[in-house]
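Spelled out, the chains give:
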Amino acid sequence: MLDAMQFWAMVAHESDSGIVLTRQQVDEKSLGPGDVTIKVHYSSANYKDYLATTKGGGVVHAYPIVPGIDLSGEVVESSDASFAPGDLVVAHGYEIGLTHSGGFAEYARLPADWVVKLVGLSPREAAVLGTAGFTAAMSVQALLDHGVSPDAGPVLVTGATGGVGSVSVDILAGLGFEVIASTGKTDSNDLLHKLGAHDVIGRLPEDPGLQARPLNTARWAAAVDSVGGSSLAYVLSAIHYGGTVAASGLTGGTQLPATVMPFILRGVSLLGMESVNLGIERRRELWSALGAQLRPRYLSTLENYAPVTQASQVLRSLKGGSHSGRTIFGVAGEF
C-alpha cells in the first residue's frame, strides 16, 4: 500500500551542534521491517524521547531516526492473521523510536508481537496512558499480586505529578486505596486531590537528615515509586511490616543509599518494574485491564495536547521539570 508513497515524519538528525528534529517527507523504506502497518493517530511525550533527541542521550546508537516510543492508531495492512485493517492498536517499548522508526510519523510498521489490540480504550486514551500509564498499571498490579489491599493502610505514590505517578494515584484511588501523593510541585494539590489523593505531601525525605536512618517510623503499607535515589531509600525505611514497594524511576538518582534493615527486620519487598521488554502476552493482559478494572477515572484531566510538529518544545519541558500529567502528540492531520 505504501510502496512509492511519501508521508510526513519528524526525523531526528545528528549534527555538530546537536540533535535536530526536522519535519520532512519520507517513504516506505523508512518504516523498517514488520508485519503490521499502522496509521498513527497519536504518540506521546516521554523522557526517553527527550533523550533520543538530545546529543549524548545514550538511547539511540545511529541517526537519523523517527522518535516516538509510544504510538496508537489504526491498522492499515497486516501479514499477521492476528490483526486486520481497521483494528485499533497501541504499541510501545521494545526498540520503537530507538532503532526502529517510531510514533512521530504518519505511518509505522512493527512486528506483530510488539502490537496490542485495544479493548475498552480509544487510541487517544491509550496515548494518554502510553508507557508511563502502562508502567503505573504494572506497578499497581504488582502490589495487588503481592497481597496489598485497601484495608492494609495508606499507599504512597512518589513523583505524583509525573506520568507514572499521576496515573498510579488515579488507579489506586479508584480501587479504594487511601493514597498519599508525594510531589515537589506545590501548585499541584488540587490536581492530585481531584485524582483521588487523600493527602498530598512534599518530596521525600522531607527532612534530608532522615535519609541516613536504617529504619524510620512505619507510615505506609505500600508504595509506587518513580523517583529512586534517596527518596526510594527513605520510602523503604518507612514501609509497614510485610509491605511492598514497586519501583520504576531514577529521576532522583541511580544510587540507592539504603541498608538491608527494611528487608530483614520488616520483611519489606522491593519490586522492580521494567516495561520496555515485557513479554507481549503479559503486556496484552495489562492493557486489557487498563480498559476495564484498572481503568483510570480521570484520563482527560491528565491530558495535555500538542501537534507532533511541536515535539521539540514539549520534550524540552520534560528536562526542565515544568511538565505535569501526560502530553499526547496528535499525528494524523497535524503535519
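Up top is the structure.
By convention here, each chain's residues receive numbers from 1 onward along its written sequence. Thresholds applied to this predicted model are a pLDDT of at least 70 for local features of residues and 80 or more for the giving and counting of side-chain atom pairs; totals over whole chains, interfaces and linings are not thresholded and use all residues. The side-chain figures draw on all heavy atoms in the structure; neither hydrogens nor water molecules are used.

Chemist: For this particular structure, what's the right way to read the packing of helix 2 (residues 123-145) against helix 3 (residues 163-174)?
Modeler: For any two helices packed against each other, the geometry is given by the interaxial angle and the distance between the axes. Helix axes use the C-alpha atoms of the stretch in contact, all axes being lines fitted to C-alpha atoms, and the angles between their N-to-C directions lie in the range 0 to 180 degrees. Under the scheme used here, helices are H or I runs from DSSP no shorter than 4 residues and strands are E runs no shorter than 2 residues, and both carry numbers assigned from the N terminus. Between helix 2 and helix 3, the least distance of the axes is 8 Å, while the angle of their chain directions is 50°. The orientation of helix 2 relative to helix 3 falls into the category oblique. Here helix 2 runs over helix 3; the crossing is right-handed. Contact with helix 2, carried on its side by Leu129, Ala132, Gly133, Thr135, Ala136, Ala137 and Val140, involves Gly163, Val164, Val167, Ser168, Ile171 and Leu172 of helix 3 and no other residues of that element. Polar here means any residue outside two lists: the nonpolar Ala, Val, Leu, Ile, Met, Phe, Trp, Tyr, Cys and Pro, and the charged Asp, Glu, Lys and Arg; Gly therefore counts as polar. Along the lines of polarity and charge, the residues of the contact of helix 2 with helix 3 split into nine nonpolar, four polar and no charged. Relative orientations are named as follows: roughly parallel for angles under 35 degrees, roughly antiparallel for angles over 145 degrees, roughly perpendicular for angles from 65 to 115 degrees, and oblique for any other angle. Handedness of a helix crossing follows the sense of rotation of the near helix relative to the far helix, less than a right angle counterclockwise being left-handed and clockwise being right-handed. For this analysis, residues touch if any pair of their heavy atoms sits within 4.5 Å.

Chemist: Is there a simple way to explain unusual backbone geometry in this structure?
Modeler: Most of the time, phi is negative for any residue but glycine, and the peptide bond is trans. The peptide bond linking Tyr63 to Pro64 adopts the cis configuration, its omega dihedral lying at 0°. By the secondary structure assignment, Pro64 is in the loop between helix 1 (47-52) and strand 4 (70-78). Omega for the bond connecting Leu204 with Pro205 falls within 30 degrees of zero, at -5°, which places this linkage in the cis form. With respect to the element layout, Pro205 can be found in the loop between strand 10 (199-201) and strand 11 (220-225). With a phi angle near 50°, Tyr94 is a residue other than glycine that sits in the positive phi range. Assignment of secondary structure puts Tyr94 in the loop between strand 5 (88-92) and strand 6 (107-110).

Chemist: Whenever I open this one, helix 2 confuses me. Can you help?
Modeler: Residues lying three or four places apart along an α-helix face the same way, a consequence of the helix completing one turn every 3.6 residues. In this scheme, a helix's expected span is set at 1.5 Å multiplied by one less than its residue total. A rise of 1.5 Å per residue sets the reference length of helix 2, with its 23 residues, at 33 Å; its end C-alpha atoms lie only 28 Å apart and thus fall more than 12% short of the reference. Whether a residue is buried, partly exposed or exposed follows from its accessible area with a 1.4 Å probe, protein chains only, as a fraction of its type maximum: under 20%, in between, or over 50%, in that order. Summarising burial for helix 2: 19 of the 23 residues are buried, a large majority. In the stretch just after helix 2, Gly147 is the one whose phi turns positive, near 90°.

Chemist: Whenever I open this one, the packing of aromatic side chains confuses me. Can you help?
Modeler: Think of a pair of aromatic rings as described by two things: how far the centres are apart, and how the planes are tilted against each other in angle. Here is the rule: rings of Phe, Tyr and Trp (six-membered ring for Trp) pair when centre to centre is within 6.5 Å. Planes less than 30 degrees apart are stacked, more than 60 are edge-to-face, and the remainder are tilted. Under the definition given, this model contains six aromatic pairs. Ring geometry for Phe134 versus Trp287: centroids 5.9 Å apart, planes at 20°, classification stacked. On the criterion of sequence distance, the pair formed by Phe134 in helix 2 and Trp287 in helix 7 (residues 280-290) is long-range, its members being 153 residues apart. An identical accessibility class is assigned to Phe134 and Trp287; each is buried. Seen from their ring centres, Trp220 and Tyr234 are 6.4 Å apart, and the 75° between their planes marks the pair as edge-to-face. Separated by 14 residues along the polypeptide, Trp220 in strand 11 and Tyr234 in helix 5 (residues 229-237) bring together distant segments of the chain. Of the residues examined, Trp220 reaches a relative accessible area of 3% and is grouped as buried. For Tyr234, a relative accessible area of 4% puts it in the buried group.

Chemist: It is not clear to me how the environment of Leu144 should be interpreted in this structure. Could you clarify?
Modeler: Summarising the element assignment, Leu144 is placed in helix 2. Distance from Leu144 to Ile96, taken between C-alpha atoms, is 29 Å for residues 48 residues apart in sequence. Those residues in contact with Leu144, other than ones at most four positions away along the chain, are Leu175, Phe177 and Leu294.

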